[in-house]
Amino acid sequence: MHSNPFSISGLCLCLTSLILLIVILRSTKGLLNYVWALFNISVAIWGLATFFMSKDFGKETALLWIRIGHIGVIFIAVFFFHLVYLICKLSNKFFLKIIYIQGIVFSLLLMTNFFISSKNVDIIFNQFFYDTAQGYIYPIFLSIWLVLIFYGHYKLLMEYLQSQGIKKNQILYLFLGMVVGFSGGLTNFMPVLGLNIYPIGNFTIPFYCIIVTYAIVKYRIMDIKVAITRTTI
């Protein structure tokens with residue numbers, strides 16, 4: 001298999017996430033920034049995995065990369081909700097712990113055939129390896145993942161409506177960036193569910209990096225300060 005739109009989108013996603021990660025790591029340190037960095041690492045893992053899923057290494061190697069990619073996907077939701085938890089100053093620590101526990105449990109199950117096995121991995125669109133949902137574990141994982149994403153966006157929206165001044169703008173750009181990113185990301189689940197829809201939305205995910213990076217420069221979102229110099233430009 002050669003390069004295709006899906007593999008190119010994965011490479012773009014990995015690179016843009018890593019660039020944003022560098023910006024974050026060069027900024028003021030704090031729990032919020034560390035969680036934001038981990039979120040971008042998770043996105044980069046998915047992007048890298050999608051690139052290698054397009055290589056003709058064989059079904060077993062493809063399965064390994066699909067599993068690695070899903071580790072990124074699992075913790076994208078975990079770290080996203082942790083971000084929302086910190087930004088919105090939520091107080092239910094027990095719920096946050098449960099979210100991390102379920103992420104760890106699904107990551108462990110991911111390495112077994114109960115979650116994804118070579119039997120449900122095949123080449124789709126004559127371009128790249130992909131998996132289809134089998135059994136009951138994947139639907140449970142996907143349901144929890146969607147609940148975390150939609151509930152997190154709901155809490156961000158409520159915080160935006162209640163905020164004022166620069167914080168309102170910070171939350172607005174974060175919300176818009178996440179909506180764009182996750183809207184594209186949702187198309188990656190279509191082939192898993194047996195829908196013959198090309199996951200072209202993978203191309204829109206990097207736009208969350210552009211939107212949030214703009215917010216970092218203009219509004220110091222998450223207290224990230226970037227020194228704009230000739231070298232940076």
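Residues numbered from 1 in each chain as written. Predicted model: local features only at pLDDT ≥ 70, side-chain atom pairs only at ≥ 80, totals over all residues. Heavy atoms only, no water.

(A) A look at unusual backbone geometry. The phi dihedral of K89 is positive, around 55 degrees, even though this residue is not glycine. Within the element layout of this structure, K89 appears in the loop between α3 (59–87) and α4 (93–110). Residue N126 is not a glycine yet carries a positive backbone phi of 55 degrees. Following the sequence through the fold, N126 ends up in the loop between β1 (121–124) and β2 (128–131). Look at N126 and you get exposed, because its relative accessible area is 74%. (Helix = DSSP H or I, 4+ residues; strand = E, 2+ residues; numbered from the N terminus. Buried < 20%, exposed > 50% of the residue type's maximum accessible area, 1.4 Å probe, protein only.)

(B) Spotlight on the packing of aromatic side chains. Counted by the stated rule, this structure contains 26 aromatic pairs. Ring geometry for F52 and W65: centres 4.4 Å apart, planes at 15 degrees, overall stacked. Residue F52 is located in helix α2 (residues 31–52), and its partner W65 is located in helix α3; the two are separated by 13 residues in the primary sequence. The exposure class of F52 is partly exposed, given its relative accessible area of 24%. Judged by relative accessible area, which is 17%, W65 ranks as buried. Seen from their ring centres, F106 and F141 are 5.7 Å apart, and the 65 degrees between their planes marks the pair as edge-to-face. Residue F106 is located in helix α4, and its partner F141 is located in helix α5 (residues 137–162); the two are separated by 35 residues in the primary sequence. No difference in accessibility class separates F106 from F141, as the two residues are buried. An aromatic cluster is built from W36, F39, F80, W145, F182, F189 and Y208, whose rings are joined through pairwise contacts. (Phe/Tyr/Trp six-rings, centres within 6.5 Å; stacked < 30°, edge-to-face > 60°.)

(C) Representation of the nonpolar core. Judged by nonpolar contacts, the single largest core of 63 residues is most densely connected at W36, F39, F141, L156 and Y208. Counting residues per element, this core draws most heavily on α3, at 17 residues. (Core = buried A, V, L, I, M, F, W, Y, C linked by side-chain atoms within 4.5 Å.)

(D) Fine view of α3. Taking 1.5 Å of rise per residue, 29 residues should cover 42 Å, and α3 covers 42 Å from first to last C-alpha, within 8% of that figure. Among the 29 residues in α3, 22 count as buried, and that is most of the element. K89 sits one or two residues past α3 and shows a positive phi near 55 degrees. (Expected span 1.5 Å × (residues − 1).)

(E) Region of the structure containing the state of the cysteines. Scanning the model with the defined rule gives zero disulfides in all. The thiol sulfur of C14 is not disulfide-bonded, and the nearest other cysteine sulfur, from C12, lies at 10 Å. (Disulfide = S-S within 2.5 Å.)

(F) Just α5, in detail. With 26 residues, α5 should reach 38 Å at 1.5 Å per residue; the first-to-last C-alpha distance of 38 Å fits that figure. Those residues of α5 that fall on the buried side of the exposure criterion are I137, Y138, F141, L142, W145, L148, I149, G152, H153, L156 and E159. Buried residues belonging to α5 abut α3, α4, β2 and α6 (165–186). (Contact = heavy atoms within 4.5 Å.)

(G) Examining the pairing of β1 more closely. Alignment of β1 against β2, held across four bridges, turns out to be antiparallel. Among the inter-strand pairings, I124 is bridged to a residue of β2, identified as F128. (Pairing = 2+ DSSP bridges.)

(H) Spatial organisation of the pattern of salt bridges. Under the definition given, this model contains one salt bridge. The partner of E159 in a salt bridge is K167, with the nearest N and O atoms 3.1 Å apart. Classification of E159 by relative accessible area gives buried; the value is 14%. (Salt bridge = Lys/Arg side-chain N within 4 Å of Asp/Glu carboxyl O.)

(I) Broad picture of the environment of T16. If you trace the backbone, T16 turns up in helix α1 (residues 5–25). Measuring from C-alpha to C-alpha, the distance between T16 and P206 comes to 6.1 Å, with 190 residues separating the pair along the chain. Apart from the residues within four sequence positions on either side, T16 is in contact with P206 and C209.

(J) Highlighting the packing of α4 against α5. The contact between α4 and α5 brings their axes to 12 Å, and the two run at 150 degrees. Comparing their axes, α5 and α4 come out roughly antiparallel. For the pair α4 and α5, the crossing hand works out as left-handed. Along its contact with α4, which presents I99, Q102, F106 and L109, the element α5 presents I137, I140, F141, I144 and L148. Considering only residue class, the contact of α4 with α5 consists of eight nonpolar, one polar and no charged. (Axes fitted to C-alpha atoms, helices over the stretch in contact; angles between N-to-C directions. Parallel < 35°, antiparallel > 145°, perpendicular 65-115°, else oblique. Left-handed = near helix turned anticlockwise from the far one by under 90°. Nonpolar A, V, L, I, M, F, W, Y, C, P; charged D, E, K, R; others polar.)

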